[in-house]
Amino acid sequence: MLKKNKISRCLVGESILLFVTLCWGMSFPLVGNSVATVDPSVFVMVRFFLAALILLPFVFLEIKKSSKNVLVAGMIIAAFNVVVYISQTIGMQTVTSAEGSFITGISVVIVPFILPFFALGKPSKKDILCSFLCLLGLFFLVGGNVSHLSTGDAWVLLCAIFVAITIVYLQKVSSVLSSLSLLAFYQIFFTGVFSIPFTLGKSFLPLLTYSVVGAILFCALFATAIALLLQTKFQHYTTANRAAMIFCFEPIFGSLFGYLINNEKIGWSVFIGGACILTGTIFSLIKVDKYQHFALDA
């Protein structure tokens, strides 16, 4: 019975992470459209302060009981988030939704190799194989045309590196902290605070358009407040490496919504890439109890 409960909890957590990935995927074309007129740092700061305001009523009574460990962990993740979201948003000024989501997805390959630095165990051969199979799928998603990285590509690549670090660090701290809701709130709030210096001298007037307001509201509510809260509370139900592989679906969703919202083309490469990602992810889910045991031991 205990083993079944662990497997059930793992599947629930991973299903929730898939929903989180859907929200992030939809944000790519919305962010890409917005930063055509709005400075990326301004967009990020407003997005995160609004998300913190949305979460505040749900954690207000807990704030007085905050521990130093939760506050510090939230600030550390916030520092990572500033690099993640500002670099990604800058990159989305010049790359498509599919390209941006592909490069962000490279984090899935980085995760297994930084696990040892956080004392979360060594990646197995199966972890590495599944990670590279997912990377192959991500490669197909953009037709294999990634030999020449542009400036925008480089910014999103920097984002991918810090996405991987954030995933692993969150895996490390979420299993020992008492209030994961507060951890989510602090990381969101301080991401807004740490973004302020980058907005100095920038114009806020482009925010006052219907399309940008709609994009910020969606990103703040679904892709930030809800998504980061769910990720913080449920990622520790699985392993960091498998969470990263679930996040591999982000470019599939990014490509899909890029087509629906911006009429970006979807070719056979998307379907081939999606098949590779599905194969790698399903293969990683075999013997769930073994992997869940690894997560508990870590």
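Note on numbering: residues in each chain are counted from 1, in written sequence order. Totals for whole chains, interfaces and linings use every residue, but because this is a predicted model, local features are given only for residues with pLDDT of at least 70 and side-chain atom pairs only at 80 or more, for both listing and counting. Note that the side-chain values use all heavy atoms of the structure and ignore hydrogens as well as water.

1. Focus: the overall build of the protein
Argument step 1. Labels follow the DSSP assignment, with helices taken as runs of H or I lasting at least four residues and strands as runs of E lasting at least two, numbered in each case from the N terminus. Each helix and strand counted, the protein has 13 helices and zero strands in total.
Argument step 2. In sequence order, the secondary structure elements of the protein are arranged as α-α-α-α-α-α-α-α-α-α-α-α-α.
Argument step 3. Accessible area is worked out with a 1.4 Å probe on protein chains only. A residue is then buried under 20% of its type maximum, exposed over 50%, and partly exposed in between. For the protein, the proportion of its 298 residues judged to be buried stands at 51%.
Argument step 4. By definition, residues are in contact when any of their heavy atoms lie within 4.5 Å. Contacts in the protein between residues at least 24 apart in sequence constitute 92% of all its contacts with a sequence separation of at least 6.

2. A few points about the packing of aromatic side chains
Each aromatic ring pair is characterised by the separation of its centres together with the angle its planes make.
Argument step 1. Aromatic pairs are defined between Phe, Tyr and Trp rings, using the six-membered ring for Trp, whenever the two ring centres lie within 6.5 Å; interplanar angles under 30 degrees are classed as stacked, those over 60 as edge-to-face, and all others as tilted. Scanning the model with the defined rule gives 14 aromatic pairs in all.
Argument step 2. For the pair Phe113 and Phe132, a centre-to-centre distance of 6.4 Å together with 70° between the ring planes defines the contact as edge-to-face. Here Phe113 is found in helix 5 (residues 107–114), whereas its partner Phe132 is found in helix 6 (residues 125–141), with 19 residues between them in sequence.
Argument step 3. Judged by relative accessible area, which is 40%, Phe113 ranks as partly exposed.
Argument step 4. With relative accessibility at 40%, the residue Phe132 sits in the partly exposed group.
Argument step 5. With centroids separated by 6.1 Å and ring planes inclined at 10°, the aromatic side chains of Phe185 and Phe189 adopt a geometry described as stacked. Here the residue Phe185 and the residue Phe189 both occupy positions in helix 8 (residues 180–199), the gap between them amounting to four residues, near one helical turn.

3. Section: the nonpolar core
Argument step 1. Of all hydrophobic cores here, the largest spans 83 residues; its most connected members are Trp24, Val108, Val111 and Leu183.
Argument step 2. When sequence neighbours within four positions are dropped, the list of residues in contact with Leu183 reads Val70, Ala73, Gly74, Ile77, Leu170, Val173, Leu177 and Thr232. In this text, buried Ala, Val, Leu, Ile, Met, Phe, Trp, Tyr and Cys residues form a nonpolar core when linked through side-chain atoms within 4.5 Å.

4. A word on the pattern of salt bridges
Argument step 1. Salt bridges are defined by distance alone: a side-chain nitrogen of Lys or Arg within 4 Å of a carboxyl oxygen of Asp or Glu. By the definition in use, this model includes two salt bridges.
Argument step 2. Where Glu14 meets Arg242, a salt bridge forms, and the shortest distance between an N and an O atom there is 2.5 Å. Of this pair, Glu14 sits in helix 1 (residues 2–34) while Arg242 is found in helix 10 (residues 240–246), placing the two residues 228 residues apart along the sequence.
Argument step 3. When its relative accessible area of 6% is taken as the criterion, Glu14 is described as buried.
Argument step 4. For Arg242, a relative accessible area of 2% gives the class buried.
Argument step 5. Residue Asp39 is joined to Lys202 by a salt bridge in which the shortest nitrogen-to-oxygen separation is 3.5 Å. Here Asp39, found in the loop between helix 1 and helix 2 (40–63), pairs with Lys202, found in the loop between helix 8 and helix 9 (210–234); they are 163 residues apart in sequence, far enough to count as distant.

5. Considerations on the environment of Leu170
Argument step 1. For Leu170, the location among the structural elements is in helix 7 (residues 151–174).
Argument step 2. On the basis of relative accessibility, which here comes to 2%, the residue Leu170 falls in the buried class.
Argument step 3. A sequence separation of 96 residues divides Leu170 from Gly74, and the C-alpha atoms of the two residues are 9.5 Å apart.
Argument step 4. Leave out the neighbours within four places in its chain, and Leu170 touches Ile77, Leu183, Gln231, Thr232 and Gln235.

6. What about unusual backbone geometry?
Argument step 1. At Asn263, a position not held by glycine, the phi torsion is positive, near 60°.
Argument step 2. Among the structural elements, Asn263 can be located in the loop between helix 11 (250–262) and helix 12 (268–284).

7. Section: the confidence of the model for the protein
Close inspection of predicted coordinates is inappropriate in any region flagged by low pLDDT.
Argument step 1. pLDDT: the predictor's confidence for each residue, scored from 0 to 100. Taken residue by residue, the protein gives an average pLDDT of 85. The fraction at 70 or more is 88%.
Argument step 2. Mean pLDDT across the elements of the protein ranges from a minimum in helix 13 (residues 288–297), with 40, to a maximum in helix 8, with 96.
Argument step 3. Throughout residues 288–298 the model reports pLDDT below 50, and contacts reaching past four residues in sequence, or to other chains, amount to 26 contacts.

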